[in-house]
Amino acid sequence: MIPKKHVPDLIRDGNRFSDKIMREQESVRGNLAARFQEFRDSIKRDHLLWVLIALGPVFALFCIIRVYPILETIRLSFYRYHPTQRNRPFIGFDNYWRLLEDEAFRTALINTLQFCVMAVIITLVLAFAIAVLLRSIEKVAPVYELLLYIPVVTPWVPASVIWKWIFDPVHGILNYGLTSVGLPKLAWLQDEHVILYAIVLVSVWKMLGYFVVVYGVGLRNIPDELLEASELDGATPWQRLIYVVIPMMKPIILFTVIIATIIFFNVFAPVYVLTASAQGAPAYDFKVVIGEIYQNAFVFYRMGYAGAQSVVLLLFVLTLVFIQFTLFREKR
Amino acid sequence: MFRERPIVLTAYVVCTIMALLAVTPFFWVLMTALKSNPEINAWPPHVFPIQPTLEHFHRILGEENFLRYILNSLIIALSSMTAILFTSSLAGFIFAKYKFPGRGVLFAIILATAIIPLEVYIIPLYLMVFGVKMMNSYLSLVFPFVIMTFGVFFMRQVIMSIPDELLEAARIDGANEFWIYVRVVLALSKSGLMALGVFAFSEAWANFIWPLVVVTTKDMYTTELGLATYQRQFYIEYGPISAGAVISIMPMLIVFALLRRHIMKGIATSGLRG
Amino acid sequence: MVRRFILAAACLLLSIQLGIADEKTKGKISIWLGYPETLDAFKLGQTEFKKKYPNVDVEILTFELREFEAKLAVSVPAGSGPDILALHDFIFPRYYEGGSLADMPADLAQAVNNKAIIDTPFRDIVTREGKPWGLPWWSGRNGLFYNLDHLQAAGLSGPPKSYTEVWQYAEKLTQKNEKGELTRAGISLRLTGPSGGTQKFGYFYYQLAGVQMFEPGKKPGTVQVTIAKNIDAAARVLLDHVEHLHGAKKSDDWALKHDAQGFASGAASMFMRESWVIPFVKKNGPDVKFGVVPVPRDKAFGAFNAVEVLSVNKDSKLKDAAWDFIRILQDQAIVNNVLESSGWVPLRRDRDYGSVLAKEPRFAQMTSPPSDQVQYIEAPNVAYEEMTTRVGEVIQAGFRDASLVGNMDGAKRVMMRAHDTAVKILKDNGNYSD
């Protein structure tokens with residue numbers, strides 16, 4: 001149990017303690033042996049041994065599970081690598097030249113970018129709007145936040161399966177809804193143009209709640225006085241939103257844009273599930289970057305080539321994050 | 001925030017619609033799981049099953065060995081959660097409360113890996129596991145998920161708010177650092193730990209691409225993998241698939257229902273610091 | 001001492017011959033299947049096997065086909081693969097070349113080399129320098145399935161007899177609703193899933209070209225691409241697909257249920273697939289009255305064969321027991337089960353399938369194909385997965401392109417692209433043959 005002492009007592013004791021040490025130190029200055037003693041004391045005081053024992057293994061794990069693999073991916077991209085064949089020659093930039101001509105990868109990149117931009121914008125704008133609206137009905141807001149959060153805790157695979165049935169072109173309720181208002185049925189997952197919107201829809205549905213909650217936290221932290229003051233100054237709600245709320249939310253908005261970008265650029269599970277062509281029910285093969293990496297690495301076993309694709313993915317993610325950082329910083 | 005009438009009204013309307021849209025698909029999958037096959041394919045679709053049946057649940061639990069998949073997911077998620085809580089709180093504690101040479105650099109390295117998603121370096125991870133012939137084992141399934149960068153960052157935030165004096169006082173009383181870690185730090189960061197624990201558990205549970213790559217036999221499938229594979233089969237039947245989806249969602253929903261306050265609080269603490 | 005030893009060995013041999021249980025052999029043999037429909041047959045085999053080897057456990061795991069091939073490819077070389085390898089014809093070479101196959105016992109090798117037991121094209125798959133390395137077990141032979149009621153209602157007296165008639169009949173059998181949307185496909189074409197799509201496109205291509213798109217090359221293990229030399233045939237098949245997917249002659253649509261599932265639910269009147277469809281439709285579409293005929297001919301007449309070979313893993317610790325299991329699988333009762341419940345056609349010609357045919361005469365098309373029909377098998381190819389996927393993507397993208405209707409030049413361009421894609425991948429893998 002922690003000794004029960006008042007804070008002033010603690011501070012006084014601490015001060016007394018350090019005073020004592022400083023007096024002792026003065027009397028041994030200049031003495032080599034004493035300086036060594038000082039060093040050992042400082043280790044004890046800074047608990048360097050403990051730091052080593054505690055942080056060492058954890059940091060080692062980080063190196064093994066994160067740092068080494070990232071570096072190794074880059075290294076692999078310069079080789080032709082098959083896990084069970086012995087011949088693994090170094091081929092320089094060959095994988096990268098191949099990437100430039102790889103139509104499938106190009107399509108995947110374009111698809112992924114389109115999807116990411118759409119999903120990020122729609123999700124964040126919608127989440128922000130809802131979060132702002134919820135502040136006007138604060139008493140019941142937790143209920144709404146809870147309901148909106150349920151899709152967030154649902155894993156991607158069952159969520160996609162649920163929507164796959166809703167999207168079914170022959171029996172699904174979405175098409176039923178369309179036909180009952182006289183609109184033609186849509187081939188949600190079969191039509192090459194519509195499927196992008198279908199996947200965006202599922203992704204927005206899934207992640208909306210998370211951002212509503214995050215924005216909610218930020219909005220609640222805006223001091224009421226600021227808003228009241230501007231209201232007294234005659235600002236309309238819209239003006240209050242633009243000139244008070246949004247500027248105060250800048251850091252959180254930056255945070256959410258980065259997180260949303262990373263999540264959506266790496267989309268894989270919903271695409272895998274929604275486009276899996278059970279032969280009885282075909283779906284359009286919507287390519288995304290991670291899908292291509294997966295196929296090249298674990299179906300075709302071209303691991304060096306997939307490594308190059310992974311490096312490209314990494315560069316894209318880093319670039320997108322960097323762009324967002326600078327964009328948001330500049331506006332200040 | 002905005003007290004004007006029209007805004008409050010808009011708020012009620014819009015938010016209610018969005019909340020309904022969020023929840024309806026779950027209702028629909030449950031209904032589908034309880035309908036018999038002819039009813040599933042009926043047109044116009046029935047909302048409620050006229051003759052509800054549990055046959056799809058029997059099928060997916062019995063024939064498809066889904067219970068085993070759930071067990072696998074549980075083992076993996078619990079192991080990962082425990083490991084992450086331990087490593088994150090320990091590392092977070094060190095970074096929060098100790099000065100040492102290289103602290104900034106080490107923390108920066110760890111943080112830098114946060115934005116890099118697993119998929120970028122999944123190939124070498126696979127090759128490591130493949131090389132030591134540990135494919136298709138619980139260890140290999142948990143292996144990449146024993147640490148979480150976000151966890152370290154998060155616990156550091158949480159622990160920084162513990163007053164230094166408490167630690168000093170304990171030291172003066174002769175406690176060693178490990179005792180302080182266990183008795184002081186962990187005790188005082190309970191709610192942070194719970195939030196992180198839930199997050200780590202759900203990440204491990206929902207993970208899809210790693211089991212997809214590492215598992216070679218059906219008895220080691222996780223729930224996610226089992227469901228994804230099942231619905232990719234040759235012949236697609238939405239009755240059992242819906243039952244499988246319902247079963248897959250239940251554990252996470254239960255965790256969410258029990259621990260929602262901690263989850264929300266966890267987001268608050270992490271969301272504050274951009 | 002020696003006499004006792006000889007006596008014991010003689011008893012063991014005798015006991016095996018007499019079918020008395022071998023209690024000495026202990027352990028586990030594992031079997032992985034990419035075709036779960038044959039599970040019943042294996043389970044029957046398991047029961048028989050247990051009588052002979054009471055102390056050996058048998059573990060049978062089933063996978064979806066592509067996953068099966070992928071998992072096998074990494075497990076076997078790493079020494080963690082199954083004891084019995086149930087290998088598809090075009091991946092068999094990979095395991096032979098990788099040195100993963102155990103020697104065959106003499107009696108089984110003799111059976112494979114015997115023309116009266118195993119037909120020559122199938123023996124050739126498993127034989128190297130006169131020595132067989134696996135037992136060809138069954139073949140999935142393809143055929144054209146048609147819905148009798150639909151044909152009758154459309155005034156057609158029987159199934160199509162030629163390639164051209166297939167398309168004509170498809171147009172007559174298609175049904176649309178008031179808005180002009182398709183409600184029933186005259187023929188269900190393979191429109192998605194590029195790897196299999198290449199194969200199914202080949203069903204048509206062979207009848208026009210007389211060769212497969214990918215034939216074995218000059219050296220063993222290499223592959224020739226025949227599309228360029230038969231560009232007219234290739235473009236013709238593509239055009240026929242496109243013209244029946246867009247415009248007035250539209251007979252199929254991406255939004256409908258396809259393949260066996262579509263056929264069994266009455267959403268399609270005809271489609272081409274392998275023999276496993278027979279038990280499948282009987283189970284999943286019991287109201288569907290269907291018939292099956294060989295794939296209608298054009299200039300050529302060929303049937304696709306997907307052959308399953310049984311081999312034993314060289315790393316297996318219970319090789320003899322594994323081969324015994326394979327012997328058991330040749331029993332009349334079990335091959336009957338394979339035919340009846342999975343629809344795959346067992347290849348042993350010295351078995352009598354009369355009892356199964358009596359119950360289901362439609363199998364006769366598969367077990368006794370017309371003598372002038374060429375039984376073709378896909379060329380072994382280390383880059384099979386990648387090549388068929390990329391080629392299939394080109395072809396299936398072509399299907400979606402409405403501008404190709406009536407555009408022979410455009411179709412030729414698409415098929416040349418498919419040709420070039422295949423050549424590029426083969427050259428990259430070092431197994432291209434001109």
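(A) Quick peek at the overall build of chain C. Across its full length, chain C holds 18 helices and 15 strands. Here the C-alpha atoms of chain C give a radius of gyration of 23 Å, agreeing with the 22 Å that 2.2 N^0.38 yields for 434 residues. Considered along the principal axes of its C-alpha atoms, chain C spans approximately 90 × 50 × 35 Å. The buried share among the 434 residues of chain C stands at 50%. Relative to all contacts within chain C whose residues are 6 or more apart in sequence, the contacts with residues 24 or more apart total 75%.

(B) Looking closely at the nonpolar core. The biggest cluster of nonpolar side chains holds 305 residues, and the ones touching the most others in it are Ile84, Leu238 and Met270 of chain C. When neighbours within four sequence positions are excluded, Ile84 of chain C is seen to be in contact with Ile29, Ile31, Leu310, Val312, Ala322, Phe325 and Ile326 of chain C.

(C) A look at the interface of chain A and chain C. Facing the 20 residues of chain A at the interface are 20 residues of chain C. Residues belonging to the side of chain A that touches chain C are distributed by class as follows: 13 nonpolar, five polar and two charged.

(D) Examining the interface of chain B and chain A more closely. Chain B puts 89 residues into the contact, and the matching count from chain A is 93 residues. Of the residues forming the side of chain B that touches chain A, the biggest block, 16 residues, is contributed by helix α1 (residues 5–34) of chain B. Looking at the side of chain B that touches chain A residue by residue, the classes come out as 66 nonpolar, twelve polar and eleven charged.

(E) Main features of the domain arrangement of chain C. Residue and element names in this part refer to chain C. Parsing chain C into structural domains produces domain 1 (2–133 + 306–369) and domain 2 (142–301 + 377–429). If you look at the interface, domain 1 gives 22 residues, while domain 2 gives 20 residues. For the side of domain 1 that touches domain 2, the secondary-structure elements that each account for two or more residues are α4 (92–97), α6 (120–126), β13 (302–312), α14 (332–342) and α16 (364–367). Per-class residue counts for the side of domain 1 that touches domain 2 are twelve nonpolar, four polar and six charged.

(F) Spotlight on helix α10 (residues 177–188) of chain B. In this model, α10 of chain B (twelve residues) spans 15 Å end to end at C-alpha, consistent with the 16 Å of a helix rising 1.5 Å per residue. Listed in full, the buried residues belonging to α10 of chain B are Glu177, Ile180, Tyr181, Val184 and Val185 of chain B. Axial view of α10 of chain B: buried residues confined to an arc of 125°, hence all on one face. α10 of chain B presents Phe178, Val182 and Ala187 of chain B as exposed residues on the side facing more than 90 degrees away from its buried surface. If you follow the buried residues of α10 of chain B, they end up packed against α3 (48–76) of chain A together with α4 (66–97), α8 (149–160) and α9 (164–172) of chain B.

(G) Summary view of unusual backbone geometry. Here the bond from Trp43 of chain B into Pro44 of chain B is cis, since omega is 0°, no more than 30 degrees from zero. The phi dihedral of Glu129 of chain C falls on the positive side, at around 55°, and the residue is not glycine. Relative to the assigned elements, Glu129 of chain C resides in the loop between β4 (127–128) and β5 (131–132). Using a count of 4 C-beta atoms within 10 Å as the deciding quantity, one classes Glu129 of chain C as exposed. One non-glycine residue, Asp259 of chain C, adopts positive backbone phi at about 55°. Examined against the element boundaries, Asp259 of chain C turns out to sit in helix α11 (residues 259–264).

(H) Here's a closer look at the domain arrangement of chain B. All names here are of chain B. Segmentation of chain B into domains returns domain 1 (1–53) and domain 2 (70–272). The partner domain 2 presents six residues to the seven residues of domain 1 that form the contact. Breaking the side of domain 1 that touches domain 2 down by element, the ones donating at least two residues are α1 and α2 (37–40). Ranked by the residues each element gives to the side of domain 1 that touches domain 2, the list is headed by α1, at four residues. Residues that form the side of domain 1 that touches domain 2 fall into these classes: four nonpolar, two polar and one charged.

(I) Molecular detail of the pairing of strand β11 (residues 270–274) of chain C. Residue and element names in this part refer to chain C. Within β11, five of the five residues are buried, which leaves the element mostly enclosed by the surrounding structure. In this structure, strand β6 (residues 135–147) lies alongside β11, joined through five bridges in antiparallel fashion. Each bridged residue has a counterpart across the sheet, and for Gly143 the counterpart in β11 is Arg273.

(J) Molecular detail of the confidence of the model for chain C. All names here are of chain C. In the predicted model, chain C carries a mean pLDDT of 88, and 95% of its residues have values of at least 70. Of all helices and strands in chain C, the one with the weakest mean pLDDT is helix α1 (residues 2–18) (55), whereas helix α10 (residues 231–243) scores best (95). If you check the scores for this complex, the pTM reads 0.84 and the ipTM reads 0.87.

What counts and what doesn't
- Residues numbered from 1 in each chain as written.
- Chains lettered and ligands numbered in written order.
- Predicted model: local features only at pLDDT ≥ 70, side-chain atom pairs only at ≥ 80, totals over all residues.
- Helix = DSSP H or I, 4+ residues; strand = E, 2+ residues; numbered from the N terminus.
- Rg over C-alpha atoms; globule rule 2.2 N^0.38 Å.
- Buried ≥ 20, exposed ≤ 12 C-beta atoms within 10 Å, placed from the backbone.
- Contact = placed C-beta atoms within 7 Å.
- Core = buried A, V, L, I, M, F, W, Y, C linked by C-beta atoms within 7 Å.
- Nonpolar A, V, L, I, M, F, W, Y, C, P; charged D, E, K, R; others polar.
- Domains from an automatic or database assignment.
- Expected span 1.5 Å × (residues − 1).
- Arc of directions from axis to C-beta.
- Pairing = 2+ DSSP bridges.
- pLDDT = per-residue confidence, 0-100.

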